[in-house]
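Below are the chains, spelled out letter by letter.
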Amino acid sequence: MSEPVQLTIRTPAAPALNAKVRGEPFTDLPLDLYIPPDALEVFFETFEGPLDLLLYLIRKANIDILDIPMARLTEQYMEYVEVMRTKNLELAAEYLVMAAMLMEIKSRMLLPQPAMPGEEEEDPRAELVRRLLEYEKMKLAAQKLDALPQLGRDFLPVEVWIEQTLAQRLPRVDVVDLQEAWRALLVRAKMSQHHRVTREELSVREHMSLILRRLRGGGFAEFGDLLEPTRGVPVLIVNFLAVLELARESLLEVTQSEPYAPIYVKLAHAQPE
Amino acid sequence: MLSPSEVKTVLEAALLAAQQPLPISELKKMFDEEIGADTVRRLLEELREAWKERGVELAVTAGGWRFQTRPSFQKYLERINPERPLRYSRAVLETLAIIAYRQPVTRGDIEDIRGVTVSTEVIKRLEERGWIDVIGHKEVPGRPALYATTKTFLDDLGLRSLQELPPLEEIAQTLDLTQTPPPAPQPAPDEPATAQPSPA
Amino acid sequence: MLSPSEVKTVLEAALLAAQQPLPISELKKMFDEEIGADTVRRLLEELREAWKERGVELAVTAGGWRFQTRPSFQKYLERINPERPLRYSRAVLETLAIIAYRQPVTRGDIEDIRGVTVSTEVIKRLEERGWIDVIGHKEVPGRPALYATTKTFLDDLGLRSLQELPPLEEIAQTLDLTQTPPPAPQPAPDEPATAQPSPA
C-alpha cells in the first residue's frame, strides 16, 4: 500500500483536537483528511481507544451527540479502522468490538420504531451515548486534574532541618528484639538441631569471652586464677569448661612444665596489640 | 504562658519543619496551656497573611496546614532541583480521574468507562505515588479490588476534600434520549485551548 | 532583571524548600543574570538578619546555607514530631543475637549461621555502639577476629549477665522445632524465675 491514504470526512467545522504530531498540534485538519503515512501512526496513537476515536469523529463533525446519525458515524469509524488495519498498525481488540457494536446499533435503528416516542422501547443508541458522555467527562476531568498545581512538579514542600540539641539518637534494642532475631534465624535455617544451646552453655560462652578479655594483654595467667575458685562451685565449673572449650578451639595455649607444676594459660599466638 | 506572638512563632517553626500537613488539632499539642482551636486558626490566618508576598505560602490541604513554594517560583527552583516527577500519560490521568470522581471503582469499572483495558502498570504508578489505594473488595465473583483516592492525593494537589475537585463538565443537559433533544445546535463542549496544560 | 529584593525572595524560597544545605555556587544557578557571589552572600546575610527573631534560623554549615529550627524550639516541635524509634535492620539484630548467644564468634561463624555474608558496616555499627568488641583472634588461617558482647551491651539492655537473655531452648520450643522436650523442668541454678528482664 504505497498510495496516500485518503479519508473524506464531511465536517462543517473543526473543533479543537487534542492530537499532536511531532509536538505540533493538529488544529486545522483539511475537510478531506489526508494524513501523511508516517504521521498516521502518531495520529492514531493519540487516541486512547475506540470511545476516544468516536468522540473525535462526533465532535469534529459537530454531530449532536444525542442524535447520532449511526450510518454515517459507523461508516467513518470503519474507514479509520480499515486504515489502521491496512497500515498494519497494531489494532487493539477493543476497536473491533466497538465496530461490531456500532453495526448492531445501526441495524437495530433500521427496525420499525414504536409509534410514539416515550414508549417502553429504548433508543438503541442510548447505551453508546451514555458511555460516550461519561468518557468525555472523565477525559476532560483528567485534563483538569493535570492542570492543577501538583506537589513536586509545580511547587515544593517546605521542610526545614530540625536542629537537634539532644544527644545523637541511637536505635533501641531490647531483649525481645534479640529473641525475635534468633527466632527468625531458626525459622530460616531450621537450625534447632545444630544449635541447641543450653543455659549452661551460654554461661560457658560468657566466661569464654571473659577469659579471652583477661588474657588480651598477651601475658600468661595461672590456670587456677582463671577458675576463680572463690566465687563458688558453679562459677568454678563454668570457668573450667570455658577454658577447656577455648583450648579445644585452639584459642588458648595451656602449658605445664612438669607434672604437678602450675599450669599456665595464654592466648594462642598472642600478639601485642 | 506564651504570648500570642510567641505562639505564632512556634506555629511557624513547626509548620516550616513539618514533613506533612499539620491539622490544628496536632498543632495545639505543642502548647502546655490550653489554647483554643479558634485562637490557633486566627494565628494561622495571620501567618498566612504575613507570608503573602513571599516565595513560600501557607496553604490548607486535606491533611492540614502546610508551607509550600509558590508555583510561580518553580521556574527558579527547578534549576537547582533538577529531579521532577514525569508527566503522566493520558491513560494514567484518565484512570486517576475515574477513580477520583467515581470512587470506589474496580478495574473493570475503569475499563468500562475508558473502553480499553487498564494496564497493571497504570494502576501501579498511581499506587506508588500514594494517590490511590485499595479500600476493599467488591462482593462479586473474583472479588475485584475497589480503588479510591488517598489523602496524599488531595494533599499533593492542594485540595482540602474531594468536593474541591474541578467540577465535571456538564456536556449534555440530559442523557435521557426519550426527552426532546435540545433545540439549539449544541456548542462544542471542548475546553478553551488555554485550559489544556502545555507539556513542558 | 530581578530586583535585589526579588532575588532575596527567590533565595529564601529555595533555601526553605531545599533538602540539603546549598552553597552559594548552587544558589547562583537560579538566576539568568550574572549575579555575583558577593551579592548573593550579602543578600543571604540580610535574610539571616531578617530571620533573627524567628523559630527558624538561616545557618551556614559545611555544605552551604540552610534553614534550621532553633534548638530552643525543640521542646515544642518534638511534641508533634514524635520521633519514630530508630530500629536496627534485621542484619544488625541477627548479628547481635548471634554474637550474644554464641560468643566468642568470628565473622565466618556469623555468616554460617545467618547463611549470608555479613557486611563490615553491620559489624562497625555494633562496635561503634560499644556493644561488641574484638576479644582475640582465632588461630586459623587469616586469624579472624573473635567478637563478644561488652558490658555496655548488658547495661544498655538492662541485663546483669548474659544468662538473663531468654534461653534459646524456649525460643526454639515456641517454634515447635525441637522434637524432644527438655528432659526435666530446667531449674536455673543461679537465677530466680523472675530474672528475665521485662522489656520496657
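A quick note: this is a predicted structure, and the numbers were derived from the prediction, not measured.

## Some remarks on the overall build of chain A
Argument step 1. Scanning chain A from N- to C-terminus turns up nine helices and seven strands.
Argument step 2. Classification of the 273 residues of chain A by burial places 48% in the buried group.
Argument step 3. Partitioning the contacts of chain A with sequence separation of at least 6, the portion at a separation of at least 24 is 61%.
Argument step 4. On chain A, roughly 14,200 Å² of surface is accessible, and the fraction owed to carbon and sulfur atoms is 56%.

## Regarding the overall build of chain B
Argument step 1. For chain B, the helix and strand inventory stands at eight helices and four strands.
Argument step 2. Taking all 200 residues of chain B together, the buried fraction comes to 46%.
Argument step 3. Summarising the internal contacts of chain B: among those between residues at least 6 apart in sequence, 46% fall at separations of at least 24.
Argument step 4. For chain B, the accessible area works out to roughly 10,200 Å², and carbon and sulfur atoms hold 52% of it.

## Let's talk about helix α4 (residues 93-110) of chain A
All names here are of chain A.
Argument step 1. Here α4 is 18 residues long and its end C-alpha atoms lie 26 Å apart, about the 26 Å a rise of 1.5 Å per residue gives.
Argument step 2. Considered for burial, the residues of α4 that qualify are Glu94, Tyr95, Met98, Ala99, Met101, Leu102 and Ile105. One face of α4 carries all of its buried residues, which in axial projection span an arc of 165 degrees. Exposed side chains of α4 directed beyond 90 degrees from the buried face belong to Ala93, Val97 and Leu110.
Argument step 3. Turning to α4, the residues buried within the fold contact α2 (50-60), α3 (70-86) and α5 (126-147).

## A look at the confidence of the model for chain B
A low pLDDT score tells you not to read the predicted coordinates there in detail.
Residue and element names in this part refer to chain B.
Argument step 1. Residues of chain B with pLDDT of at least 70 account for 84%, and the chain-wide mean is 85.
Argument step 2. Between residues 173-200, whose pLDDT stays under 50, and residues either more than four places distant or in other chains, the model counts 41 contacts.
Argument step 3. Across the predicted assembly, pTM comes out at 0.60 and ipTM at 0.62.

## Thoughts on the sheet that holds strand β6 (residues 252-256) of chain A
All names here are of chain A.
Argument step 1. In spatial order, the strands read β5-β7-β6; together these three strands make up an open sheet with antiparallel pairing. Taken across any chain shown, the strands that pair with only one partner, and hence form the sheet edges, are β5 (221-222) and β6.
Argument step 2. Pairing geometry for β6 and strand β7 (residues 263-267), over five bridges, is antiparallel. Within β7, the position partnered with Leu252 by the bridge is Leu267.

## Points about the packing of aromatic side chains
Argument step 1. Applying the stated rule across the entire model yields 13 aromatic pairs over all chains.
Argument step 2. Ring centres of Trp131 of chain B and Phe153 of chain B lie 5.8 Å apart, and the angle between their planes is 70 degrees; on these two criteria the pair is classed as edge-to-face. Taken as a pair, Trp131 of chain B in the loop between α7 (120-128) and β3 (132-137) and Phe153 of chain B in helix α8 (residues 151-156) lie far apart in primary sequence, 22 residues in all.
Argument step 3. Taking the relative accessible area as the measure of exposure, Trp131 of chain B reaches 0% and is therefore buried.
Argument step 4. We classify Phe153 of chain B as buried; its relative accessible area is 0%.
Argument step 5. Pairwise contacts between aromatic rings join Trp51 and Phe67 of chain B together with Trp51 and Phe67 of chain C into one cluster.
Argument step 6. Geometry around Trp51 of chain B places Arg54 of chain B over its ring, the cationic atom sitting 4.2 Å from the centre.

## Focus on the interface of chain A and chain B
One frequent convention defines the size of an interface as the accessible area lost when the parts assemble.
Argument step 1. Contacts between chain A and chain B engage 51 residues on the former and 62 residues on the latter.
Argument step 2. The junction of chain A with chain B conceals about 5,200 Å² of combined surface from both sides, 61% of it contributed by carbon and sulfur atoms.
Argument step 3. The interface formed by chain A and chain B contains five salt bridges.
Argument step 4. The partner of Arg90 of chain B in a salt bridge is Asp52 of chain A, with the nearest N and O atoms 2.7 Å apart.
Argument step 5. At the junction of chain A with chain B, the criterion picks out 18 residue pairs in polar contact (both at pLDDT 80 or more).

## Quick look at the confidence of the model for chain A
Residue and element names in this part refer to chain A.
Argument step 1. Per-chain confidence: chain A averages 75 in pLDDT, with 71% of residues scoring 70 or above.
Argument step 2. At the low end of the mean pLDDT range in chain A sits strand β1 (residues 6-8), at 43; at the high end sits α5, at 93.
Argument step 3. Low confidence marks residues 1-33, where pLDDT is under 50. Its contacts with residues over four positions away, or in another chain, come to 66 contacts.

## Regarding unusual backbone geometry
Argument step 1. The step from Gln103 of chain B to Pro104 of chain B runs through a cis peptide bond, and the omega angle for that step is -5 degrees.
Argument step 2. Note that Pro104 of chain B resides in the loop between α5 (90-102) and α6 (107-114).
Argument step 3. A positive phi is found at Ser250 of chain A, a non-glycine position, where the angle reads about 60 degrees.
Argument step 4. Note that Ser250 of chain A resides in the loop between α9 (233-248) and β6.
Argument step 5. By relative accessible area, which is 36% here, Ser250 of chain A ends up partly exposed.

## Considering the pairing of β7 of chain A
Residue and element names in this part refer to chain A.
Argument step 1. Sheet topology places β5 next to β7; two bridges connect them, and they run antiparallel. The residue bridging Ala221 from the neighbouring strand is Val265, located in β7.
Argument step 2. Joining the antiparallel neighbours β6 and β7 is a turn of six residues, in which Tyr260 adopts a positive phi near 70 degrees.

## Structural notes on a nonpolar patch on the surface
Residue and element names in this part refer to chain A.
Argument step 1. Side chains of Val233, Ile237, Phe240, Leu241 and Leu244 sit close together on the surface and give an oily, nonpolar patch of about 440 Å² of accessible area.
Argument step 2. Topologically, Val233 is positioned in helix α9.
Argument step 3. Judged by relative accessible area, which is 56%, Val233 ranks as exposed.

## As for a negative patch on the surface
Residue and element names in this part refer to chain B.
Argument step 1. On the surface, Glu121, Glu127, Glu128 and Asp133 cluster together into a patch of negative charge.
Argument step 2. Per-element accounting of the negative patch gives the leading share, three residues, to α7.
Argument step 3. Counting through the fold element by element, Glu127 comes out in helix α7.
Argument step 4. Taking relative accessible area as the criterion, Glu127 reaches 33% and is therefore assigned partly exposed.

## Considerations on the environment of Thr61 of chain C
Residue and element names in this part refer to chain C.
Argument step 1. The residue Thr61 is located in strand β1 (residues 56-61) in this model.
Argument step 2. The partly exposed category is assigned to Thr61, whose relative accessible area is 23%.
Argument step 3. It is 9.1 Å that separates the C-alpha atoms of Thr61 and Leu22, two residues lying 39 residues apart in sequence.
Argument step 4. Leaving out residues up to four positions away in the same chain, Thr61 has contacts with Pro21, Arg66 and Gln68.

What counts and how
- Residues numbered from 1 in each chain as written.
- Chains lettered and ligands numbered in written order.
- Predicted model: local features only at pLDDT ≥ 70, side-chain atom pairs only at ≥ 80, totals over all residues.
- Heavy atoms only, no water.
- Helix = DSSP H or I, 4+ residues; strand = E, 2+ residues; numbered from the N terminus.
- Buried < 20%, exposed > 50% of the residue type's maximum accessible area, 1.4 Å probe, protein only.
- Contact = heavy atoms within 4.5 Å.
- Areas by Shrake-Rupley, 256 points an atom, 1.4 Å probe, with all protein chains shown as cover.
- Expected span 1.5 Å × (residues − 1).
- Arc of directions from axis to C-beta.
- pLDDT = per-residue confidence, 0-100.
- Pairing = 2+ DSSP bridges.
- Phe/Tyr/Trp six-rings, centres within 6.5 Å; stacked < 30°, edge-to-face > 60°.
- Lys NZ or Arg CZ within 6 Å of the ring centre and 35° of its normal.
- Buried area = accessible area lost by both parts, 1.4 Å probe.
- Salt bridge = Lys/Arg side-chain N within 4 Å of Asp/Glu carboxyl O.
- Polar contact = N/O pair within 3.5 Å; in protein donor to acceptor, adjacent residues only side chain to side chain.
- Patch = residues over 30% accessible without salt bridge, like charges linked within 9 Å, V, L, I, M, F, W, Y side chains within 5 Å.
- Lys, Arg positive; Asp, Glu negative; His and termini not counted.
- Charge placed at Lys NZ, Arg CZ, Asp CG, Glu CD.

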